[in-house]
Amino acid sequence: MTLIQAYEILDVSANADTKELKKKYRQLMHRVHPDSDAFKRQEYPYSAQEINEAYEVLCHAAKEKNTEKRESYRETGSSHTTSQAGWHRKYGYGGREAAGKWDAPQNPNAYRKRKIFHKIEDMDGNTIGAVEIAEGKYLWNLEEDFSLFMKSIFECSERLLSEIDRERGEEKQQTVRLRFQAELAYLLAQQFIDAGGVLEKLLTPVETKNTADIYYIPAMLETGEYAAGLRAGMTLYPEGVRQHRLYLQTRSGREAGYLSLRDDRLYHIVIPLLEQRRVQVKIEVSVKQDRKNTRGRNKYKNIDFWLRIPKEAAGTFPESIGLQIQGLLEKYKDI
């Protein structure tokens, strides 16, 4: 599960602290509990399993943010010398001079510029915040921390929605805003990730041909109640992508569950390529399974996932993404 999905499921803002996350988690778990008289399960669109997973993802992210140290840095300016030294080691010039000097290709057709952020650490090596070093239509590359890339995408989506709110002189309800922001961030990310180009830097192809590369991606199938009957070596087939999840089925047409990727970066590469019908896949239930995957309510199966991507996909971005972004913003204006 990605941060985008987790924020949407738990219905909290990106600035929520651990206390707020815990409070919201308890409210929602009570709401979806089958024995609860106060609420009915169908009134909330996500299951207890999804709420629990979202809570774990966001709690982990909140710990990494180290909010207390970040706020201390903003208020006192501590570790200033250390951060400037870090700048000099990495870039050869001070932080203020770094603006506009990010070395990465750009997508001139991207809907909006985004900011590039760089981590600031204290003398103990703890992350205490992030500073903006550049702004442009820069593509993500491995030099840019992926969590900070997603931060820049969230910030970009926030600006776009805020512009509409200011223009109309009203602010949408948080639930509505978060729903639109999650979808907007997902679309924006696609305009800054060269899926075909970056995949070859993250993974080594298992087979290379003149027209396409084939990659093997260890993955999992979240099966829920569908685990029974899935045998090692069984071939699974794409059923379709719903809510940015690839659902799989057996040869007989029985739904098997949906694809879960271990690397969050790959989620923002693989799923968009599937939605755009730019790749082909081969999927089998793995011979080797982790026993812990079947404990409790969470049911997972290890799967072998092969992705065939044409070489022509590198460096290209579907024009339809910009139109989808514009359509989503127009829809946000009208609600």
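The coordinates are above.
Residues numbered from 1 in each chain as written. Predicted model: local features only at pLDDT ≥ 70, side-chain atom pairs only at ≥ 80, totals over all residues. Heavy atoms only, no water.

Attention now moves to the overall build of the protein. In terms of regular secondary structure, the protein is built from 10 helices and 9 strands. Across the 335 residues of the protein, 46% fall into the buried class. Partitioning the intrachain contacts of the protein with sequence separation of at least 6 by distance along the chain shows that 70% fall at a separation of at least 24. On the protein, roughly 18400 Å² of surface is accessible, and the fraction owed to carbon and sulfur atoms is 46%. (Helix = DSSP H or I, 4+ residues; strand = E, 2+ residues; numbered from the N terminus. Buried < 20%, exposed > 50% of the residue type's maximum accessible area, 1.4 Å probe, protein only. Contact = heavy atoms within 4.5 Å. Areas by Shrake-Rupley, 256 points an atom, 1.4 Å probe, with all protein chains shown as cover.)

Any two side chains of opposite charge can pair, on the condition that their charged atoms come close. Tallied over the entire structure, the rule returns 20 salt bridges. Asp11 is the partner of Lys24 in a salt bridge, and the nearest nitrogen-oxygen pair spans 3.7 Å. Taken together, the residues span a long stretch of sequence, with Lys24 in helix H2 (residues 18-32) and Asp11 in the loop between helix H1 (3-10) and H2 at a distance of 13 residues. A residue is classified by how much of its surface remains accessible, and Asp11, at 13% relative accessible area, is buried. Of the charged contacts, one joins Lys172 and Glu170 as a salt bridge, the two residues approaching to 3.9 Å between their closest N and O atoms. Here the salt bridges do not stand alone but share partners, grouping Glu158, Asp165, Arg168, Glu170, Lys172 and Arg177 into one network. (Salt bridge = Lys/Arg side-chain N within 4 Å of Asp/Glu carboxyl O.)

Another point: the nonpolar core. Of all hydrophobic cores here, the largest spans 78 residues; its most connected members are Leu21, Ile51, Phe149, Leu236, Ile269 and Phe305. With sequence-adjacent residues up to four places away left out, Phe305 is seen in contact with Tyr215, Tyr216, Ile217, Ala219, Leu246, Leu259, Val270, Val281, Lys282 and Ile283. In this structure, Ala104, Ile116, Ala134 and Tyr138 belong to the second largest nonpolar core, which totals 6 residues. (Core = buried A, V, L, I, M, F, W, Y, C linked by side-chain atoms within 4.5 Å.)

Looking now at the pairing of strand S5 (residues 235-242). Sheet analysis places S5 next to strand S8 (residues 280-285), joined by 2 bridges and oriented antiparallel. What sits directly across from Leu236, in S8, is Ile283. As judged from the 5 bridges shared by S5 and strand S6 (residues 245-249), these two strands associate in the antiparallel manner. The residue bridging Tyr237 from the neighbouring strand is Gln249, located in S6. (Pairing = 2+ DSSP bridges.)

Bringing unusual backbone geometry into the picture now. Positioned with a positive phi, Gln243 is a non-glycine residue whose angle comes to about 50°. When you line up the elements, Gln243 lands in the loop between S5 and S6. Judged by its relative accessible area of 62%, Gln243 falls in the exposed class. A positive phi angle, close to 60°, is found at His244, a residue other than glycine. According to the relative accessible area criterion, His244 is buried, its value standing at 16%.

With that settled, consider the side chain of Glu144. By the secondary structure assignment, Glu144 is in the loop between strand S2 (127-136) and helix H6 (146-168). Judged by its relative accessible area of 2%, Glu144 is buried.

What follows deals with the side chain of Thr250. Within the secondary structure, Thr250 sits in the loop between S6 and strand S7 (255-261). Residue Thr250 is classed as buried on the basis of its relative accessible area, which comes to 10%. Within the local environment of Thr250, its side chain forms a polar contact with the side chain of Ser252, the two groups lying 3.0 Å apart. Among residues more than four places away in sequence, those in contact with Thr250 are Leu230, Met234, Leu236 and Tyr237. (Polar contact = N/O pair within 3.5 Å; in protein donor to acceptor, adjacent residues only side chain to side chain.)

What follows covers the packing of helix H7 (residues 174-190) against helix H10 (residues 320-334). The contact between H7 and H10 brings their axes to 9 Å, and the two run at 165°. Overall, the two elements H7 and H10 adopt an arrangement that is roughly antiparallel. Here H7 and H10 pass one another in a crossing that is left-handed. Side by side, H7 and H10 meet where Arg177, Phe180, Glu183, Leu184, Leu187, Leu188 and Gln190 of the first sit next to Ile321, Gln324, Ile325, Leu328, Leu329, Lys331 and Tyr332 of the second. Of the residues assigned to the contact of H7 with H10, the class counts are 9 nonpolar, 2 polar and 3 charged. (Axes fitted to C-alpha atoms, helices over the stretch in contact; angles between N-to-C directions. Parallel < 35°, antiparallel > 145°, perpendicular 65-115°, else oblique. Left-handed = near helix turned anticlockwise from the far one by under 90°. Nonpolar A, V, L, I, M, F, W, Y, C, P; charged D, E, K, R; others polar.)

Within the secondary structure layout, Asp290 lies in the loop between S8 and strand S9 (300-310). Here the alpha-carbon distance between Asp290 and Asn302, two residues 12 residues apart in the chain, equals 7.4 Å.

These figures capture arrangement, not role.
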